[in-house]
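# Residue-level structure breakdown
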There are 2 protein chains.
Amino acid sequence: MTQTPTIEFWHEFASTYSYPAAMRVERAARARGVEVLWRPFLLGPIFKAQGFSTSPFVVNELKGANMWRDVARICARDGLRFKRPAIFPQNSLLAARVELCLPQDQRGAFARAAYALEYGEGADISGREAVEALLRRNGRDADALLARAGGEEIKAALREAGERAAAHGIFGSPSFVTQDGELFWGNDRLDAALDWACGVRWGLEA
Amino acid sequence: MTQTPTIEFWHEFASTYSYPAAMRVERAARARGVEVLWRPFLLGPIFKAQGFSTSPFVVNELKGANMWRDVARICARDGLRFKRPAIFPQNSLLAARVELCLPQDQRGAFARAAYALEYGEGADISGREAVEALLRRNGRDADALLARAGGEEIKAALREAGERAAAHGIFGSPSFVTQDGELFWGNDRLDAALDWACGVRWGLEA
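Here's a quick rundown of the structure. Just so you know, these numbers come straight off a predicted model, no measurement behind them. (Residues numbered from 1 in each chain as written. Chains lettered and ligands numbered in written order. Predicted model: local features only at pLDDT ≥ 70, side-chain atom pairs only at ≥ 80, totals over all residues. Heavy atoms only, no water.)

### Description of empty space enclosed by the protein
In this structure the tally under the stated criterion is 1 cavity of 30 Å³ or more. Considering only enclosed or pocket space, the largest cavity measures out at about 50 Å³ in volume. Every residue lining the largest cavity is listed: F184, R189, A192 and W202 of chain A together with D70, R73, I74 and R77 of chain B. In terms of residue count, the dominant contributor to the lining of the largest cavity is helix α4 (residues 61-78) of chain B (4 residues). (1 Å grid on protein atoms, 1.4 Å probe; cavity = no way out; pocket = protein on both sides within 12 Å on 5 of 7 lines; lining within 4 Å. Points joined across faces, edges and corners; volume = space filled by probe spheres on them. Helix = DSSP H or I, 4+ residues; strand = E, 2+ residues; numbered from the N terminus.)

### Some thoughts on the pairing of strand β3 (residues 175-178) of chain A
All names here are of chain A. With burial as the criterion, each face of β3 is covered, one bearing S175 and V177 and the other bearing F176 and T178. As paired elements, β3 and strand β4 (residues 183-185) share 3 bridges and run antiparallel to each other. For S175, the partnering residue across the bridge sits in β4 and is W185. In textbook terms, the turn of a hairpin is the stretch between consecutive antiparallel strands, and for β3 and β4 this stretch comprises 4 residues, one of which, G181, has a positive phi near 85°. (Buried < 20%, exposed > 50% of the residue type's maximum accessible area, 1.4 Å probe, protein only. Pairing = 2+ DSSP bridges.)

### Here's the deal with the sheet that holds β4 of chain A
To summarise the sheet geometry, strands pair through backbone hydrogen bonds and adopt either a parallel or an antiparallel arrangement. Residue and element names in this part refer to chain A. Reading across the sheet, the 4 strands line up as β2-β1-β3-β4 and stay open at both edges, with mixed pairing between neighbours. Each edge of the sheet is formed by a strand with only one pairing partner; in this case those strands are β2 (35-40) and β4. If you compare each strand with its neighbour and ignore which way they point, the axes differ by 25° on average. The pairing of strand β1 (residues 6-11) with β2 spans 6 bridges and is parallel. When the bridges of β2 are listed, I7 appears paired with V36. (Axes fitted to C-alpha atoms, helices over the stretch in contact; angles between N-to-C directions.)

### Things to note about the relation of the copies chain B and chain A
Between chain B and chain A, the superposition needs a rotation of 180° and an axial shift of 0.0 Å, giving an RMSD of 0.0 Å. Given the turn and translation reported, the copies of this chain are related as if by a two-fold rotation axis. Using C-alpha coordinates, one finds that chain B approaches the rotation axis most closely at D188 of chain B, a distance of 3.6 Å. (Least-squares fit on C-alpha atoms with pLDDT ≥ 70 in both.)

### A look at the sheet that holds strand β1 (residues 6-11) of chain B
Residues and elements named next belong to chain B. The strand order across the open sheet built from 4 strands is β2-β1-β3-β4, with neighbouring strands paired in mixed fashion. Pairing within the sheet leaves two strands with one partner each, and these edge strands are β2 (35-40) and β4 (183-185). The average undirected angle you get between the axes of adjacent strands in this sheet is 25°. Contacting β1, β2 and β3 (175-178), helix α1 (residues 18-31) runs over the sheet at an angle of about 155° to β2. Packed on one face of the sheet, helix α10 (residues 190-197) meets β1, β3 and β4 and runs near 5° to β3. (Contact = heavy atoms within 4.5 Å.)

### Quick word on the packing of helix α5 (residues 93-101) of chain B against helix α9 (residues 152-167) of chain B
How two helices sit against one another is set out by the angle between their axes and by the gap between those axes. Residues and elements named next belong to chain B. Look at α5 against α9: their axes get within 10 Å of each other, and the N-to-C directions meet at 100°. Judged by the inter-axis angle, α5 sits roughly perpendicular to α9. Together, L93, A96, R97, L100 and C101 of α5 and I154, K155, A157 and L158 of α9 make up the contact between the two elements. (Parallel < 35°, antiparallel > 145°, perpendicular 65-115°, else oblique.)

Set out below in structure tokens:
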């Protein structure tokens, strides 16, 4: 028996392009026989370590303006609702911690619901109330999850996730990492990452 | 008779992703019945106006490292030779001026040859000798073209091109602009730009 290939889906809840990526990654991976490992992380510490204080879409106004239009086009093409939130980038700490509390097979549903609320409805997902409502709507024990999300174990797990992201060379979201450590950055690199996970190399020397 | 749709292909010779874009834009556009208008320009003045001194791939080392690997993968996939040049970004002033001297139907051949030399062979194309050799290899009157490229008319035309790029909101290369002014940034947005040029809107309100 051959092992099922896996792909790590590194996603930051503040990231716009991670919304269409999160909505399609599992479907696209399943069609290729690839399993998705959901990896929430925070970009803030990575930006800070690079000497940047915020998102490149805030630093570069022209790039930011293009990004909002581009994301609207991509969502329209993918049949996704899109509404630009009043706040960008949002504080994604609580959502990332809560996702880390969940087992792998429940992370996708939570992440999709969170991104859909943030960028499909244009809501602020940084607060406890928003995350609590998300969890209740998905039939989860919100009180227990939020208590655990605030504990030392999950804080340490999120720090460790950030260190692993940095070790992979990740600098943006979404990022895809294959089992042999190949890094692909951006929603538009999902297909190439799945190709790589399936052993396609396009004649490139590894 | 309906008018042939056109797309403006804005390209900076220092840009890596503009290499695979230049090599396929005409073929991809022809397959959709779209005409390509070649628009050489310089990113330097746009970066400077934004307060940046060089390429984002130099400013952000992690992004730069990923870009080189990603471009190598894309070239392998597209069947293009790829060799990382020792110098990046290269001074693209002369190549841009020379392309501006050529009529539209001769620009593609020159641009493809220049990009192939720079990123397929890893050569430095900033100097007069390299551009002269490119022109001679393409059977052009190198002396006459280089003389004209150094004149006031072409200097003014390149400045004007930069102003038009800025007016389109262009901040990177390659960029595609449709007849109704829709801006698409990046080699990976060529198909979407051609869709738009052909009237596809994905249900998006214009």
